[in-house]
Amino acid sequence: MLKKRAKIAVLVSGGGTNLQALIDAQKSGILRSGRIMLVVSNKPGVYALERADEANIRTVVVNKKECVSNVEFEQRLIDLIDGDGIDIIVLAGFMCILSERFTKHYENRIINVHPSLIPSFCGEGYYGLRVHEAALKYGVKVSGATVHFVNEIPDGGRIIMQRAVEVKVDDTPETLQKRIMEEAEWKILPLSCERVCYEYMKNKK
Ligand code: GAR
């Protein structure tokens, strides 16, 4: 057991079911080496913000549409995250691609959940339901989810955990998405987050 917990920021853009899985894991003790201190959305009004409010977690909207450039958007994120002394950043359905300047600033401190078995169906343009549409179009019999570190290559950082999920003959993108969330994403994201927070705090001076 660590004396101090890592401070976690979760970045979201939508419904926030992966954020909910992290909140639940914190309550059940699966996530014990880190604590979610901040939830940031790039859009106002998303349901993930309500989930954070419900769990008494500080929320901030950094509205990307109101920023004149990506540089400004990322600088506002950095000011916020560093201002709160955050250790680990979790991208949980965060639909913005981060530049090398941002990812280098937090090397080995950002993790992302992606709804396929990387290196299949990943990279720029593959997000949300599009990933499952592509998997069904290709005809794969197994898909799944991956949690990985985030570097300058979209979905290209070191893999932390993966879990395979069966594709059924009558699957639609929606049914496949749901099964992958339930059987893979909501399990491996909290487990990976715990592992990364534990290792980070063990080595933090
Ligand atoms: C999740 O399936 C997540 O893996 C995916 O978007 C969904 C967000 O759902 N992320 C990506 O596709 C990123 N490339 P949530 O808001 O309910 O967690």
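Further up the page is the structure itself.
Everything in this summary refers to the structure shown in the same document. Keep in mind it's a predicted model, so treat the numbers as computed, not measured.

1. Details of the pairing of strand β2 (residues 34-41)
- When you tally the buried positions in β2, you get six out of eight residues, the bulk of the element.
- Note that strand β1 (residues 6-12) and β2 share seven bridges and pair parallel. In the sheet register, Ala-6 faces β2, and the bridge partner there is Gly-34.
- In this view, the connection linking β1 to its parallel neighbour β2 by way of helix α1 (residues 17-28) has right-handed handedness.
- Pairing between β2 and strand β3 (residues 58-61): four bridges, direction parallel. Note on β3: the bridge partner recorded for Val-40 is Val-60.
- Note on the crossover from β2 through helix α2 (residues 47-54) to β3: the handedness is right-handed.

2. Some remarks on the pattern of salt bridges
- All chains considered together, the criterion is met by seven salt bridges.
- Ionic pairing is found between Lys-202 and Glu-199, a salt bridge with its closest N-O pair at 3.4 Å. Here Lys-202 and its partner Glu-199 are both found in helix α6 (residues 173-203), three residues apart, which amounts to about one turn of the helix.
- A residue is classified by how much of its surface remains accessible, and Glu-199, at 35% relative accessible area, is partly exposed.

Rules and cut-offs
- Residues numbered from 1 in each chain as written.
- Predicted model: local features only at pLDDT ≥ 70, side-chain atom pairs only at ≥ 80, totals over all residues.
- Heavy atoms only, no water.
- Buried < 20%, exposed > 50% of the residue type's maximum accessible area, 1.4 Å probe, protein only.
- Helix = DSSP H or I, 4+ residues; strand = E, 2+ residues; numbered from the N terminus.
- Pairing = 2+ DSSP bridges.
- Right-handed = clockwise from strand over helix to strand, strands pointing away.
- Salt bridge = Lys/Arg side-chain N within 4 Å of Asp/Glu carboxyl O.

Any link to function would need more than the numbers given here.
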